Amino acid sequence: MVMRILQRLPFVAALLLLPAALCAQKTKDTILRKDGSRLRGVEIVDMDTQKVVFKRGAEQQELLASLVAGIEWGEPPETFRTGAAAEAKGEFDNAANLYQEAAKTTERKPLQAEARFLATRALVAAAARQKDRAAAAVDALKAFLKDYPTAWRLPEAKFLLGRALRLDGKAAEAEAALTEVETTAVKENWGVQWDARAKFEKALAQASQGKQADARSAFQAVQGAVDAAVAQLGKPDSDLERLKVEALIGAGETFVAENRLQDATDYWNRIGGTDKPAAIQAAALAGKGQALYLRAKAAKDEKLLREAQIALAQANLLDGSNGDATAKALYHLGLVVKALGPAKEGDGAGQRARAYFEIVTRRHPQSAWARLAQAEIDAK
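A quick note: this is a predicted structure, and the numbers were derived from the prediction, not measured. (Residues numbered from 1 in each chain as written. Predicted model: local features only at pLDDT ≥ 70, side-chain atom pairs only at ≥ 80, totals over all residues. Heavy atoms only, no water.)

Novice: I keep staring at the overall build of the protein chain and nothing clicks. Help me out?
Specialist: Counting its secondary structure elements, the protein chain contains 16 helices and five strands. Taking the principal axes of its C-alpha atoms as reference, the protein chain extends roughly 105 × 50 × 40 Å. For the protein chain, the residues scored as buried account for 48% of the 380 residues in total. Sequence-distant contacts in the protein chain: of pairs separated by 6 or more residues, those separated by 24 or more amount to 53%. A total accessible area of about 19,100 Å² is found for the protein chain, and carbon and sulfur atoms account for 53% of it. (Helix = DSSP H or I, 4+ residues; strand = E, 2+ residues; numbered from the N terminus. Buried < 20%, exposed > 50% of the residue type's maximum accessible area, 1.4 Å probe, protein only. Contact = heavy atoms within 4.5 Å. Areas by Shrake-Rupley, 256 points an atom, 1.4 Å probe, with all protein chains shown as cover.)

And the structure:
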């Protein structure tokens, strides 16, 4: 009996040690590649603009950063998960705080950098709604870039700094920052999509300075940059195609900014034919509705207000991407209903106008129209 027990001791010892070994293993990360494939069961060791270093078992390997679309982190701090949930719900200030807490909690350097970046991105999104958050976003981005000068997120961080500077009213600084992104994107092989995005954001910064002709040229340059980016990717990209439509919108709005409302109308009629894709038709109708609203407001013309209302409603229906054209159309629909008032729209006119503004702030928080819609809500 004693001998049988002794013979079984090595097996029993192995069973006792097995749970401890399993507990010592870390939950592994997953690398999401741009081609749609996944590298599972790895541990991210380091990430920068050139490469992602990871371990698979005892072996250390590298992957070009340009091939990586994202990381699914194994067992991040709970605050990281709740931060992502808050961000998805549009609670950007809360998300920023949670991500910052996650950065302080984790001992993993790559995850710490990621949490820091996500906190800054959330602050920029908050600044799109509330201008008083923009300065904090600028400071956070500058601190991130100082602490992580070669971060994997460097292209987006530099791009977002340009956006945050514009939102903070520092449009000239924003333009300079975004020009640097354009140059560096090509020089450092970040990918031509960053060149296209930087051109678009730079155009917004130029428009903010009243440099409408320069902004028009920059918006037009986005078209070629997007085509180059799609060609490089070798497949359609919905985000880039949306950017192309938004550049068309931006170019039309430069005419509005110059109060050239007839030129704006001609522009929208020219680009928005029924032979064009639905997204472009939607953009053209939203722009036309905006121009009609502004003309109606100046002339106090109810007929023009009704024409604007029809064009804006059509834009909302046609914009299948639910993008900037929708945000613009809904915001101006709110203005039209407000201008018509209870006498023309019934007793619920004020509530319906507010509902339009709230949809813009809730569903399109990073749109340029979100802050204007919020101002209309606050004015109540």
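Novice: I'm lost on the packing of aromatic side chains in this one. Help?
Specialist: When we look at a pair of aromatic rings, we describe it by the centre distance and by the angle of the planes. Enumeration according to the criterion identifies nine aromatic pairs in this entry. Where Y331 meets F357, the ring centres are 5.9 Å apart and the plane angle is 50°; that geometry is what we call tilted. Of the two residues, Y331 sits in helix α14 (residues 324-345) while F357 sits in helix α15 (residues 349-363), which places them 26 residues apart along the sequence. With respect to burial, Y331 and F357 carry one shared label: buried. Cluster of aromatic residues (ring-pair linked, three or more members): F117, F144 and Y148. Directly above the ring of F159 sits R197, whose terminal nitrogen or CZ lies 4.6 Å from the centroid. In this structure, R216 packs its charged tip against the face of F255, placed 4.6 Å from the ring centre. (Phe/Tyr/Trp six-rings, centres within 6.5 Å; stacked < 30°, edge-to-face > 60°. Lys NZ or Arg CZ within 6 Å of the ring centre and 35° of its normal.)

Novice: Which parts of the structure should I look at to understand the layout of surface pockets?
Specialist: Over the atoms, a rolling probe the size of a water molecule traces out where space has been left empty. In this structure, the second largest pocket occupies an estimated 250 Å³ of space. As for the second largest pocket, its lining consists of 18 residues, and the residues nearest its centre are D46, M47, A113, Y148 and A151. Those elements that place two or more of their residues in the lining of the second largest pocket are β2 (38-47), α4 (109-129) and α5 (134-147). Counting residues per element, the lining of the second largest pocket draws most heavily on α4, at six residues. Of the residues belonging to the lining of the second largest pocket, the class tally is ten nonpolar, two polar and six charged. (1 Å grid on protein atoms, 1.4 Å probe; cavity = no way out; pocket = protein on both sides within 12 Å on 5 of 7 lines; lining within 4 Å. Points joined across faces, edges and corners; volume = space filled by probe spheres on them. Nonpolar A, V, L, I, M, F, W, Y, C, P; charged D, E, K, R; others polar.)

Novice: Mind showing me how you'd approach the environment of V336 here?
Specialist: For V336, the location among the structural elements is in helix α14. V336 sits in the buried class, given a relative accessible area of 0%. A sequence separation of 28 residues divides V336 from A308, and the C-alpha atoms of the two residues are 7.6 Å apart. The residues touching V336, leaving out its near neighbours within four places in the chain, are Y293, L305, A308, Q309 and L312.

Novice: Whenever I open this one, the side chain of D48 confuses me. Can you help?
Specialist: Locating D48 in the fold gives a position in the loop between β2 and β3 (51-56). For D48, a relative accessible area of 12% translates into the label buried. At a separation of 2.8 Å, a polar atom in the side chain of D48 contacts the main-chain amide nitrogen of Q50. Looking at D48, its side chain comes within polar contact range of the main-chain nitrogen of K51, at 2.8 Å. Beyond its immediate stretch of four places on either side in the chain, D48 contacts A65, T150, A151 and W152. (Polar contact = N/O pair within 3.5 Å; in protein donor to acceptor, adjacent residues only side chain to side chain.)

Novice: Just checking my understanding: could you explain the packing of helix α13 (residues 302-318) against α14 for this structure?
Specialist: The interhelical angle for the contact between α13 and α14, taken along N-to-C directions, is 145°, at an axis separation of 9 Å. Crossing handedness for the pair α13 and α14: left-handed. Contact residues: E302, L305, R306, A308, Q309, L312, A313, A315 and N316 in α13; T326, A329, L330, H332, L333, V336, V337, A339, L340, K344 and E345 in α14. Split by residue class, the contact of α13 with α14 holds twelve nonpolar, four polar and four charged. (Axes fitted to C-alpha atoms, helices over the stretch in contact; angles between N-to-C directions. Left-handed = near helix turned anticlockwise from the far one by under 90°.)

Novice: Sorry if this is basic, but what is going on with the pattern of salt bridges here?
Specialist: Side chains bearing opposite charge may pair, as long as their charged atoms lie close to each other. Using the criterion set out here, one finds 30 salt bridges in the structure. For E91, the salt bridge identified is with K89, shortest N-O distance 3.9 Å. Its relative accessible area of 34% is what places E91 among the partly exposed residues. For K89, a relative accessible area of 59% translates into the label exposed. When the shortest N-O distance is used, the salt bridge between R153 and E114 registers 2.6 Å. Here the residue R153 occupies a position in the loop between α5 and α6 (154-167), and E114 occupies one in helix α4, the gap between them amounting to 39 residues. Of the two residues examined, R153 and E114, each falls in the buried class. Where salt bridges share partners, they join E182, D195, K199 and K202 into one cluster. (Salt bridge = Lys/Arg side-chain N within 4 Å of Asp/Glu carboxyl O.)

Note that all results are geometric; they support no functional claim without further evidence.
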